[in-house]
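Next come the chains, spelled out residue by residue.
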Amino acid sequence: MLNGEKRIFRPLRWGMVGGGRHSQVGYKHRTGALRDNTAFQLLAGAFDIDPERGKDFGMNIGVDEERCYPDYKTMFAEEAKRNDGVEVVSIATPNGTHYEICKAALEAGLHVICEKPLFFTSEEGRKIKALAEEKGKIVGVTYGFSGNQMLLQMRAMIEQGKIGDIRIVELQYTHGFSATEEAEKTSEAQKWRVDPKIAGPSFVLGDLSTHTYYMSQLIMPHMKIKELLCDRQSFVGSRAPLEDNAFVLMHYENGAVGRLWTSSVNAGCMDGHRIRIVGSKGSLEWWDSKPYELKYEVQGEPSQTLIRAMPYLDNLCNADERLGALHVEGLSDAWANIYLKFAIAIDAKNRGDEDTLNTLIYPDIDAGINGIRWVENCVRSAEKRSTWVAFQ
Ligand code: NAD
């Protein structure tokens, strides 16, 4: 169980690019990173595309005035001159800026934590991976809810054969917040999400399903997709060529099959994030709206609901428990778990501790690249009028 005591020698000196006053995701980064003040200290930022607003915001959240920078290039250059300069930076800006900021950060000698979808192409991912290796730095990807410990319980139970051989993988990440074009008119963050120059080659496939795809890999690391078929559409026509709805069918190398539904036009749906894994003996099912519960159903036996923090859960799961039984937790705790693992990875990298790096479960650069590959394969299939394509 986690209690805030230090897991690394000292907190990491941390800065942010983006995640400013009006951003959707910035606060999640800060609540995640700063949950345990033994992991990260927020010391600098280029928080906003508008320098004045970014400075005002940074000072309001307690960052020194001279370390609230007008842009990321100035921040990396000025921080490098200080003895107490930041050593890790989080990038919480729109998708189209991730690659250049990530590259500049690594070149400035910083570890990086970057938003998903990581970049537009897996080629960009490979270049950044090579640069990170050359510089000896970690690149983590904020698949935030993947820090929920019940997903690790699923992983442990599948590994222990509790549901038998996996046959069916059913994934869903949908909401209805962009059911009409009104969404683009009322939200700046929605406007760029449907602009291919800023969002990249997809809308919901990249924005939503990269989370779910990573979670499925986290739960079932041995399951590799052999081929997939993607059918995507833009129910709000002005979003074309980007999709606001997609269905993906998957064939896995071991003969299992899967399907994923991702959508922002699932009108009336507020939180449709669901993972159901069906094996030859039973099934496991998790919903993000009840992140403390895991449904475990064995054929011919009464269905069970496993509850977080209980001693009957696997150590892998309870090691990431924060509050103990009876009290509810959720998204913020998942982000805090992810950020703590980023800190442990960075600290291990700094010390050359390969054992820790090889056993730590967290969304690393490969998880980011795999998210891009997932989107690339889906788009390739959709563009061939939804035919099966070999997973590359
Ligand atoms: P947003 O438009 O709400 O906010 C973007 C922020 O970045 C704003 O503060 C803006 O001023 C700032 N910004 C833009 N360009 C900048 C630059 N060059 N330098 C400094 N600041 C800059 O966007 P959002 O919804 O917060 O999304 C940001 C990223 O986070 C996207 O990649 C998105 O996919 C991702 N995201 C992830 C999650 C998650 O759960 N992991 C949730 C939401 C968004």
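1. Quick look at the pairing of strand E7 (residues 225-233)
In terms of strand pairing, E7 meets strand E8 (residues 245-252) through 8 bridges, oriented antiparallel. Paired with Cys 230 across the bridge in E8 is Val 248. Sheet topology places E7 next to strand E14 (residues 389-390); 2 bridges connect them, and they run antiparallel. Paired with Leu 228 across the two strands is Val 389, which belongs to E14.

2. A word on the site of the ligand
Surrounding the ligand, one finds 27 residues, the nearest of these being Asn 95, Glu 115, Lys 116, Thr 142 and Trp 192. Asp 48 is positioned with one of its side-chain polar atoms (N or O) 2.9 Å from an oxygen atom of the ligand. Glu 115 is positioned with one of its side-chain polar atoms (N or O) 3.0 Å from a nitrogen atom of the ligand. For the ligand, whose free accessible area comes to 850 Å², the fraction covered by protein is 88%. Elements supplying a minimum of two residues to the shell around the ligand: strand E1 (12-18), helix H8 (188-193) and helix H10 (204-219). Counted by class, the shell around the ligand contains 11 nonpolar, 11 polar and 5 charged residues. Mapping the shell around the ligand onto the domain boundaries places at least three of its residues in each of domain 1 (12-145 + 340-364) and domain 2 (148-323 + 370-390).

3. Quick notes on the layout of surface pockets
Of the volumes computed, that of the second largest pocket is approximately 790 Å³. If you trace the second largest pocket, you find 32 residues lining it, with Tyr 362, Asp 364, Ile 365, Asp 366 and Ala 367 closest to the centre. Contributions of two or more residues to the lining of the second largest pocket are made by helix H5 (122-135), H10, helix H13 (354-359) and helix H14 (365-383). When grouped by side-chain class, the residues that make up the lining of the second largest pocket number 17 nonpolar, 4 polar and 11 charged. Looking at which domains feed residues into the lining of the second largest pocket, each of domain 1 (12-145 + 340-364) and domain 2 (148-323 + 370-390) supplies at least three.

Cut-offs and rules
- Residues numbered from 1 in each chain as written.
- Predicted model: local features only at pLDDT ≥ 70, side-chain atom pairs only at ≥ 80, totals over all residues.
- Heavy atoms only, no water.
- Pairing = 2+ DSSP bridges.
- Helix = DSSP H or I, 4+ residues; strand = E, 2+ residues; numbered from the N terminus.
- Near = heavy atom within 4 Å.
- Polar contact = N/O pair within 3.5 Å; in protein donor to acceptor, adjacent residues only side chain to side chain.
- Areas by Shrake-Rupley, 256 points an atom, 1.4 Å probe, with all protein chains shown as cover.
- Nonpolar A, V, L, I, M, F, W, Y, C, P; charged D, E, K, R; others polar.
- Domains from an automatic or database assignment.
- 1 Å grid on protein atoms, 1.4 Å probe; cavity = no way out; pocket = protein on both sides within 12 Å on 5 of 7 lines; lining within 4 Å.
- Points joined across faces, edges and corners; volume = space filled by probe spheres on them.

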